[in-house]
Amino acid sequence: MLFRSMGDAYAELGFVGMSRNHVRKALDVASLRGNKEIICLSTLALAKCHILDGDLDSAEVELVNAREIATQYEDWDAIAKIEREYIAVLRMRGEDGAAEDARSRLETLAEITG
């Protein structure tokens, strides 16, 4: 979806406000259409915006939401992306034990999905 792709691109460039605007539009359209994949990936993009803003609590909430959605339609690639961001948030918080547990889950996922 164009809005989500633009949101991702703006986030990568550090334009958080523009990214958030496009991601919210993508979420609106995906919600109306019931497209869980776009909802999941847009939620992940929104989490990245929160990370860029330094709002790790909100980022964690969005990542947990995105993971829950991804597990409903078994998108293992999306789950891996979400877990990598979640690990980064945990490390930023200094929660190395929890980050290591999440990294172990990610490795298991990689083994299973090969």
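The preceding data block contains the structure.
On a predicted model such as this, the values are computed, not experimentally measured, just so you know. Counting from 1, residues in each chain are numbered in the order their sequence is written. Since the coordinates come from a predicted model, pLDDT governs what is reported: local features require at least 70, and pairs of side-chain atoms require 80 or more to be given and counted, while whole-chain, interface and lining totals use all residues. In computing side-chain properties, one takes all heavy atoms of the structure into account and sets aside hydrogens as well as water.

Core analysis: the largest hydrophobic core is formed by 30 residues, its most contacted members being Cys40, Leu63, Ala70, Ile82 and Val89. Secondary structure elements with two or more residues in this core: helix H2 (16-33), helix H3 (36-53), helix H4 (56-72), helix H5 (76-92) and helix H6 (96-113). Contact between two residues is taken to exist if any of their heavy atoms lie within 4.5 Å; hydrogens are not considered. Beyond its immediate chain neighbours, meaning those up to four positions away, Ile82 contacts Cys40, Leu44, Leu63, Ala66, Arg67 and Ala70. Take the buried residues of types Ala, Val, Leu, Ile, Met, Phe, Trp, Tyr and Cys, join any two whose side-chain atoms come within 4.5 Å, and each joined set is a nonpolar core. Only protein chains enter the calculation, and the probe is 1.4 Å; a residue is then buried if its accessible area is under 20% of its type maximum, exposed if over 50%, and partly exposed in between. Only DSSP runs of H or I covering at least 4 residues are called helices, and only runs of E covering at least 2 are called strands; the numbering of each starts at the N terminus.

Next up on the list: the packing of H3 against H4. Helix-helix packing: each pair is described by the crossing angle between the helix axes and the interaxial distance. Interaxial angle, 0 to 180 degrees, is taken between N-to-C directions of lines fitted to C-alpha atoms, where a helix line uses only the stretch in contact. Contact geometry for H3 and H4: axes closest at 8 Å, N-to-C directions at 165°. Taken together, the axis directions place H3 and H4 in an arrangement best described as roughly antiparallel. The hand of the H3/H4 crossing is left-handed. Along the contact surface, H3 presents Lys36, Ile39, Cys40, Thr43, Leu44, Leu46, Ala47, His50 and Ile51, while H4 presents Ser58, Ala59, Glu62, Leu63, Asn65, Ala66, Ile69, Ala70 and Gln72. Charged residues are taken to be Asp, Glu, Lys and Arg, nonpolar residues to be Ala, Val, Leu, Ile, Met, Phe, Trp, Tyr, Cys and Pro, and polar residues to be all remaining types, Gly included. Residue composition of the contact of H3 with H4, grouped by class: 11 nonpolar, five polar and two charged. Just so you know how the angles are binned, under 35 degrees is roughly parallel, over 145 roughly antiparallel, 65 to 115 roughly perpendicular, and the rest oblique. Left-handed describes a crossing whose near helix is turned anticlockwise from the far helix by less than a right angle; the clockwise case is right-handed.

Despite not being glycine, Glu74 has its phi angle at roughly 50°, a positive value. For Glu74, a relative accessible area of 53% puts it in the exposed group.

Quick look at the packing of aromatic side chains now. Pairs were defined over the aromatic rings of Phe, Tyr and Trp, the Trp ring being its six-membered one, requiring ring centres within 6.5 Å. Orientation was assigned from the angle between planes: stacked under 30 degrees, edge-to-face over 60, tilted for the rest. As enumerated under the stated definition, the model contains one aromatic pair in all. Measuring from ring centre to ring centre gives 6.3 Å for Tyr10 and Phe15, while their planes differ by 80°; the resulting arrangement is edge-to-face. Taking relative accessible area as the criterion, Phe15 reaches 44% and is therefore assigned partly exposed. The ring of Tyr86 has Arg67 lying over it, and the distance from NZ or CZ to the ring centre is 4.9 Å. By definition here, charges over rings are those cases where NZ of Lys or CZ of Arg is within 6 Å of the ring centre and within 35 degrees of the ring normal.

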